[in-house]
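Next come the chains, spelled out residue by residue.
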Amino acid sequence: QSVLTQPPSASGTPGQRVTISCSGGSSNIGINTINWYQQFPGAAPKLLIYSIDQRPSGVPDRFSGFSSGTSASLAISGLQSEDEADYYCASWDDSLNGWVFGGGTKLTVL
Amino acid sequence: EVQLLESGGGVVRPGGSLRLSCVASGFTFDDYGMSWVRQVAGKGLEWVAGLNFSGGSTRYVDSVKGRFTISRDNAKNTLYLEASSLRAEDTARYYCTKLAGATAVSQFEHWGQGTLVTVSS
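Residues numbered from 1 in each chain as written. Chains lettered and ligands numbered in written order. Predicted model: local features only at pLDDT ≥ 70, side-chain atom pairs only at ≥ 80, totals over all residues. Heavy atoms only, no water.

Concerning the pairing of strand β9 (residues 105-109) of chain A
Residues and elements named next belong to chain A.
1) Next: Here β9 shows a buried face lined by Thr105, Leu107 and Val109 and an unburied face lined by Lys106 and Thr108.
2) Next: Judged from the four bridges that link them, strand β1 (residues 9-12) and β9 form a sheet pairing that is parallel. Counted as the bridge partner of Ala10 is Leu107 from β9.
3) Next: For strand β7 (residues 85-93) and β9, the ladder comprises three bridges, and the chain directions are antiparallel. Paired with Ala85 across the two strands is Leu107, which belongs to β9. (Buried < 20%, exposed > 50% of the residue type's maximum accessible area, 1.4 Å probe, protein only. Helix = DSSP H or I, 4+ residues; strand = E, 2+ residues; numbered from the N terminus. Pairing = 2+ DSSP bridges.)

Here you go:
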């Protein structure tokens, strides 16, 4: 059971906008920033969004992040087939004194 | 270009020990915190341990406290994870990560390809 809660799956068609949610609590998302990671099968994860809504260089602006209260969301607009991957949210947890992840969301492009 | 090269994984019996290493290049190693994150095959990510730029401040997930030790040798640009009293549930791919800042409380900015640890009799 992960500390952060994500839907196990999400899907969309090319060109659509898809959002992936991440629900936490007052000791993590409620007071600390959130980051998102993208992982393709057989590959290492990659930082996709940091500090709620910041994109590392090279990440397309189709990817955006939001946060409100103890929840956060990753939005992907103009969905492309190459976006098919697993997506994880992560936040520092002050009660656990460590990083916590969501269980991951498998995104399928139909 | 940041490169993180892990090694030291393998098959170990329950109760045994391993030392994982991660050689870093492409950045000033002693300016950044580092962490280990693991992933069971087909499952999600789990943060294991982290330390700050000097190694003077370390953090661990509760399930490995007292069994795992994270450390670094800044002269060798190398991060370590000493894992002892290994259990079947420690079986996973272990990723070395470079953090975005000097402390252990920074996001995982770069990831290695991981090294596989299998605990089995």
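Re unusual backbone geometry
1) Next: Positive phi is not limited to glycine here, since A:Ser51 has a value of about 50°.
2) Next: Mapped onto the elements of the fold, A:Ser51 is located in the loop between β4 (46-49) and β5 (63-68).
3) Next: Phi angles above zero are rare outside glycine, and B:Asn77 is one such case at about 50°.
4) Next: Looking at the element boundaries, B:Asn77 is found in the loop between β7 (68-73) and β8 (78-83).
5) Next: For B:Asn77, a relative accessible area of 26% puts it in the partly exposed group.

Let's talk about the sheet that holds strand β1 (residues 3-7) of chain B
All names here are of chain B.
1) Next: Taken together, the four strands give an open sheet; going across it, the order is β1-β3-β8-β7, and neighbouring strands pair in antiparallel fashion. The strands lining the two open edges of the sheet, one partner per strand, are β1 and β7. In this sheet, neighbouring strand axes are inclined to one another by 15° on average, regardless of whether the strands run parallel or antiparallel.
2) Next: Bridging between strand β3 (residues 18-25) and β8 involves six bridges; their strand directions are antiparallel. The residue bridging Ser21 from the neighbouring strand is Tyr80, located in β8. (Axes fitted to C-alpha atoms, helices over the stretch in contact; angles between N-to-C directions.)

Notes on the packing of aromatic side chains
1) Next: According to the stated counting rule, one finds 11 aromatic pairs over all chains in the structure shown.
2) Next: With centroids separated by 5.5 Å and ring planes inclined at 70°, the aromatic side chains of A:Tyr37 and B:Trp111 adopt a geometry described as edge-to-face. One end of the pair, A:Tyr37, is in strand β3 (residues 34-39); the other, B:Trp111, is in strand β10 (residues 108-111), on a second chain.
3) Next: Accessibility expressed as a relative area gives 0% for A:Tyr37, which makes it buried.
4) Next: Pairing B:Phe108 with B:Trp111 gives two aromatic rings, centres 5.7 Å apart and planes at 65°, and the pair type is edge-to-face. With respect to class, B:Phe108 is no different from B:Trp111; both count as buried. (Phe/Tyr/Trp six-rings, centres within 6.5 Å; stacked < 30°, edge-to-face > 60°.)

Remarks on the pattern of salt bridges
Residue and element names in this part refer to chain B.
1) Next: Applying the stated criterion across every chain yields a total of six salt bridges over all chains.
2) Next: In this structure, Asp90 and Arg38 form a salt bridge, with 3.0 Å as the shortest nitrogen-oxygen distance. In this pair, Asp90 sits in the loop between β8 and β9 (92-99) while Arg38 sits in strand β4 (residues 34-39), placing the two residues 52 residues apart along the sequence.
3) Next: Taking the relative accessible area as the measure of exposure, Asp90 reaches 0% and is therefore buried.
4) Next: Owing to a relative accessible area of 6%, Arg38 belongs among the buried residues under this scheme.
5) Next: When salt bridges that share partners are traced, they join Arg38, Glu46, Arg67 and Asp90 into one network. (Salt bridge = Lys/Arg side-chain N within 4 Å of Asp/Glu carboxyl O.)

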